[in-house]
Amino acid sequence: MDNDHPPVQLTVQNHIALVVIDNPPVNALGVAVRRGLQQAIEQAQADANVHAVLIVGKGKAFIAGADIREFGLPPQAPALPDVCNAIEACTKPVVAAIHGPALGGGLEVAMSAHYRVATASAKLGLPEVQLGLLPGAGGTQRAPRLVGAQAALDMMLSGRHVGAQEALRMGLIDHVATSDDVQAEGMAYVRHVLSEGGAVRRTRDQTEALADQVKQQVAIDAARADVAKKRGLFSPAKIVDCVQAALDGSFEGGLHTERALFEQCLASPQRAGLIHSFFAEREVLKAPETKVAKPRSIKEVGVIGGGTMGAGIAVAMLDAGLQVTMLERDETALAQGITRVEKVYDGLIAKKRLTAEGKAAIMARLTGATDYSALAQADLVVEAVFEDMAVKHAVFKQLDAVCKPGAVLATNTSYLDINEIANAIFRPQDVIGLHFFSPANIMKLLEIVVPAKVSADVVATGFELARLLKKVPVRAGVCDGFIGNRILATYRTAADHMMEDGASPYEIDQMARAFGYPMGPYEVSDLAGGDIGWATRKRRAATRDPKARYVHIADNLCERGWFGQKTGRGYYLYPNGARNGTPDPEVLAIVAEERAKAGITPRSFTAEELQRRYLAAMINEGAKVVEEGIALRPLDVDVTLVHGYGFPRWLGGPMKYADMVGLPQVLGDIHTFALDDPLFWQPAALLVRLVEEGRDFESLNKA
Ligand code: 3HC
Ligand code: NAI
């Protein structure tokens, strides 16, 4: 930080010390800010001319929290808890005037002040849980003293942002400003405090919110029970422990507990995984094309096909406020497509999350059509028709004929060659892949698939669309399955091999859930419908390497019409439309039969071996995807698998996970597995090179 631009500036105006935090972009509490804040408080304390202190943030935030980049590095003094304690200990009244985000350590600074004012733009929160942490600068002790155990636990366990009015009702702040001029409003409040006698009101000494001990204990017990039901995350139970300490003991004792548990969270791999995810989710937005080209305008969109994906995409577009035209093959299919869209909104009405008038207003932006001329004015068209190259060609030919110049023409294909689709029309520069995930109005991932001839502004438009739809975009190159489905195909194959070699599909699903997936691969197959994969396998049969191992179990189930939930049975049984399946002895018999046909003597697998094979297959294919430039960096693979395929976000993604396990171990596993099946287990050249050079995947993210 240079001296001309100190990150914390102190001026004294009419006996009020104005402390301005100026550390763009979000005033994170890096070491220079902590130092500056501490010095400012010391100076204000020592200066007899100062009667009160006002802390404000410059730019778009009060303070967004600790500097996340510093976690995992050696700590540098002063520590944030000490800075907060110094603010609170000040013998002159300290006011925090908040606009924009006051999150994590930012809110902890504000809670250490003696009074809090917020403008309408304020977003107050303790989102540490989303980073695998807990509020570590006194937040777990001060928040309950201000708002009670229940509200404090709600904030800390959800990480949600609270607006100014709600914060006022909760008792988190003292006043909502009437204008947006945060500094002027803060000054006015300081003068008000001084006119009222200038009392120093320390949060640590507040007792009212915790006075009803029985009520607090009920809230803590309920939170503990709720946390126990949710698997996976480490820090929530520690947050509850801290609030218990706030209720039971002294403020100092509570701070001590908080520090010890914060250190444990800091040392956990979940903290590393979640912070990796935080930055990776922001890095994926910076695709090269977005730096050189401006997006085209998108207001009116067309969606071709009203099936599973078309209807979901239409809902996603409508939810973003866009004008949508849905085009189907005929009136009957169109009516079915519109009904699928309506069903989504009827579901929201049933849950009281939407009114009938709200639905009518949304549906007024949806038009149905069976004639392509209805798409003449569309800025963007996404096709989601059958996964068949001939059908896709026919659709794009029509679009080429009717769409206005500059319209973006997108395909939602899962596997087909988008270069071939683009090259068959007269405007390949306008053709892009927008690969949504099912259900398209819910799933966060949007793969933006970039064919060879597409122009940069079309790619930038894909990213802009993701922003409008609140999706997480990942740039992908063209290959069979792009990033996600290509990697999925590989680890699913590894799972099928393990099943044929002796593991049951139920053991494999159990392993995936224990790892942190919401569902195992065979449960997912039953949910999505086994027929989808079956069609893909048939399409690929002609080009499959005859030497590659092929497991017939899935085909055998499909031949019986056992497609999963929709047919009442797949790998599991779903009697009477049940949503949770039960294991099926007949499936196990079919598995045994297929093993016998393949001449395999079944062996047992430990859960650890199942996991190591499953993950090694995923990581190895991920490395190949990076090596071929299909994914820009390992972090793009991570974000894809987390947001489209259920990989636990707290492990960062498969490539981050590989770094944490150590690449030599992953490569060693692959070499071992290759002894039985060298064709399947060919190590990625990139993985081999990184191990030789003693590097990790993260080194490629930085490059
Ligand atoms: N530390 C370091 N960098 C941060 C940061 C932080 N706390 N918060 C945001 N940034 C960076 C982002 O990485 C991004 O950098 P880039 O431009 O190089 O990609 C830049 O600031 C802008 O961030 P966004 O793109 O996310 O901007 P938005 O306007 O969309 O969102 C925000 C702003 C709501 C503040 C959002 O960035 C956010 O939620 N930040 C994290 C807040 C948080 O988790 N705070 C708690 C930290 S942990 C803590 O405080 C521990 C304490 O208890 C001891
Ligand atoms: P679907 O079978 O549910 O729907 C396809 C729809 O397209 C049908 O309603 C059909 O009437 C319509 N259609 C077919 N030809 C048409 C034409 N020439 N003009 C207008 N409409 C036509 O299929 P689904 O699952 O929605 O898949 C659509 C596309 O999305 C495929 O390319 C698929 O690979 C892809 N996809 C599917 C995912 C899934 O999970 N189902 C996930 C991601 C992509």
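Everything numeric in this text was worked out from a predicted model, so none of it was measured. (Residues numbered from 1 in each chain as written. Chains lettered and ligands numbered in written order. Predicted model: local features only at pLDDT ≥ 70, side-chain atom pairs only at ≥ 80, totals over all residues. Heavy atoms only, no water.)

## Overview of the side chain of T140
Now for step 1: Examined against the element boundaries, T140 turns out to sit in helix α4 (residues 139–158).
Now for step 2: Reaching out from T140, the side chain makes a polar contact with the side chain of Q141 at a distance of 2.9 Å.
Now for step 3: Those residues in contact with T140 that lie beyond four places of it in its chain are L134, P135, M156, C242, V243, A246 and E258. (Helix = DSSP H or I, 4+ residues; strand = E, 2+ residues; numbered from the N terminus. Polar contact = N/O pair within 3.5 Å; in protein donor to acceptor, adjacent residues only side chain to side chain. Contact = heavy atoms within 4.5 Å.)

## Thoughts on the pattern of salt bridges
Now for step 1: This model, assessed by the stated rule, comprises 43 salt bridges.
Now for step 2: Notably, a salt bridge pairs E263 with R259, separated by 3.2 Å at the nearest N-O pair. Here E263 and its partner R259 are both found in helix α9 (residues 251–267), four residues apart, which amounts to about one turn of the helix.
Now for step 3: When its relative accessible area of 31% is taken as the criterion, R259 is described as partly exposed.
Now for step 4: Of the charged contacts in the structure, one is a salt bridge between D430 and R296, with a shortest N-O distance of 3.0 Å. Of this pair, D430 sits in the loop between α16 (418–423) and β14 (431–436) while R296 sits in the loop between α11 (288–292) and β9 (300–304), and the two are 134 residues apart along the sequence.
Now for step 5: Through salt bridges with shared partners, a single network forms among D154, R160 and E166. (Salt bridge = Lys/Arg side-chain N within 4 Å of Asp/Glu carboxyl O. Buried < 20%, exposed > 50% of the residue type's maximum accessible area, 1.4 Å probe, protein only.)

## Digging into the site of ligand 2
Now for step 1: In the neighbourhood of ligand 2, 21 residues make up the surrounding shell, with M309, E328, E387, K392 and S414 lying closest.
Now for step 2: G307 places a main-chain nitrogen or oxygen 3.5 Å from an oxygen atom of ligand 2.
Now for step 3: Measuring from an oxygen atom of ligand 2, one finds a side-chain N or O atom of S414 at 2.7 Å.
Now for step 4: Its free accessible area being 820 Å², ligand 2 has 80% of it covered by the protein chains.
Now for step 5: Among the elements of the structure, α12 (308–319), α15 (389–402) and β14 are those that each provide at least two residues to the shell around ligand 2.
Now for step 6: With three residues, α15 is the largest single contributor of residues to the shell around ligand 2.
Now for step 7: For the shell around ligand 2, a count of residues per class yields eight nonpolar, nine polar and four charged. (Near = heavy atom within 4 Å. Areas by Shrake-Rupley, 256 points an atom, 1.4 Å probe, with all protein chains shown as cover. Nonpolar A, V, L, I, M, F, W, Y, C, P; charged D, E, K, R; others polar.)

## What to know about the sheet that holds β14
Hydrogen bonds between backbone atoms are what pair the strands of a sheet, whose relative direction is either parallel or antiparallel.
Now for step 1: Pairing is mixed in the open sheet, where eight strands are placed in the order β11-β10-β9-β12-β13-β14-β15-β16. Looking at the sheet topology across the chains shown, the edges are occupied by β11 (366–369) and β16 (472–477). When the angles between neighbouring strand axes are averaged without regard to direction, this sheet yields 25°.
Now for step 2: Bridge count between β9 and strand β10 (residues 323–327): five bridges; the pairing is parallel. Bridging across to β10, E300 finds its partner in Q323.
Now for step 3: Set on the sheet, helix α13 (residues 331–350) makes contact with β10 and β11; between it and β11 the angle comes to about 160°.
Now for step 4: Along the sheet, α15 makes contact with β9, β12 (380–383), β13 (408–411) and β14, crossing β13 at roughly 170°. (Pairing = 2+ DSSP bridges. Axes fitted to C-alpha atoms, helices over the stretch in contact; angles between N-to-C directions.)

## Digging into the pairing of strand β6 (residues 115–118)
Across a regular strand the side chains alternate sides, sitting on one face of the sheet and then on the other.
Now for step 1: Here β6 shows two buried faces, one formed by Y115 and V117 and the other by R116 and A118.
Now for step 2: Across four bridges, the pairing between strand β4 (residues 94–98) and β6 is parallel. Bridged to A96 within β6 is R116.
Now for step 3: Here β6 pairs with strand β8 (residues 175–176) via two bridges, running parallel. Bridge assignment links V117 to a residue of β8, and that residue is H175.

## Some points on helix α1 (residues 31–46)
Now for step 1: Here α1 is 16 residues long and its end C-alpha atoms lie 23 Å apart, about the 22 Å a rise of 1.5 Å per residue gives.
Now for step 2: Taken together, the buried positions of α1 are V31, V33, R34, G36, L37, A40, I41 and A44. (Expected span 1.5 Å × (residues − 1).)

## Some remarks on the domain arrangement of the chain
Now for step 1: According to the domain assignment, the chain contains domain 1 (8–267), domain 2 (294–476) and domain 3 (484–701).
Now for step 2: For domain 2 versus domain 3, the distance between C-alpha centres works out to 30 Å.
Now for step 3: Between domain 2 and domain 3, the contact holds 13 residues from the first and 14 residues from the second.
Now for step 4: Summing both sides of the interface, domain 2 and domain 3 together bury roughly 1,100 Å²; the carbon and sulfur share of this comes to 60%.
Now for step 5: Seen at the junction of domain 2 and domain 3, the total is zero salt bridges.
Now for step 6: Where domain 2 meets domain 3, there are one residue pair in polar contact (both at pLDDT 80 or more).
Now for step 7: Breaking the side of domain 2 that touches domain 3 down by element, the ones donating at least two residues are β15 (445–450) and β16.
Now for step 8: Element by element, the count of residues in the side of domain 2 that touches domain 3 is highest for β16, at four residues.
Now for step 9: Grouping the constituent residues of the side of domain 2 that touches domain 3 by class yields eight nonpolar, two polar and three charged. (Domains from an automatic or database assignment. Buried area = accessible area lost by both parts, 1.4 Å probe.)

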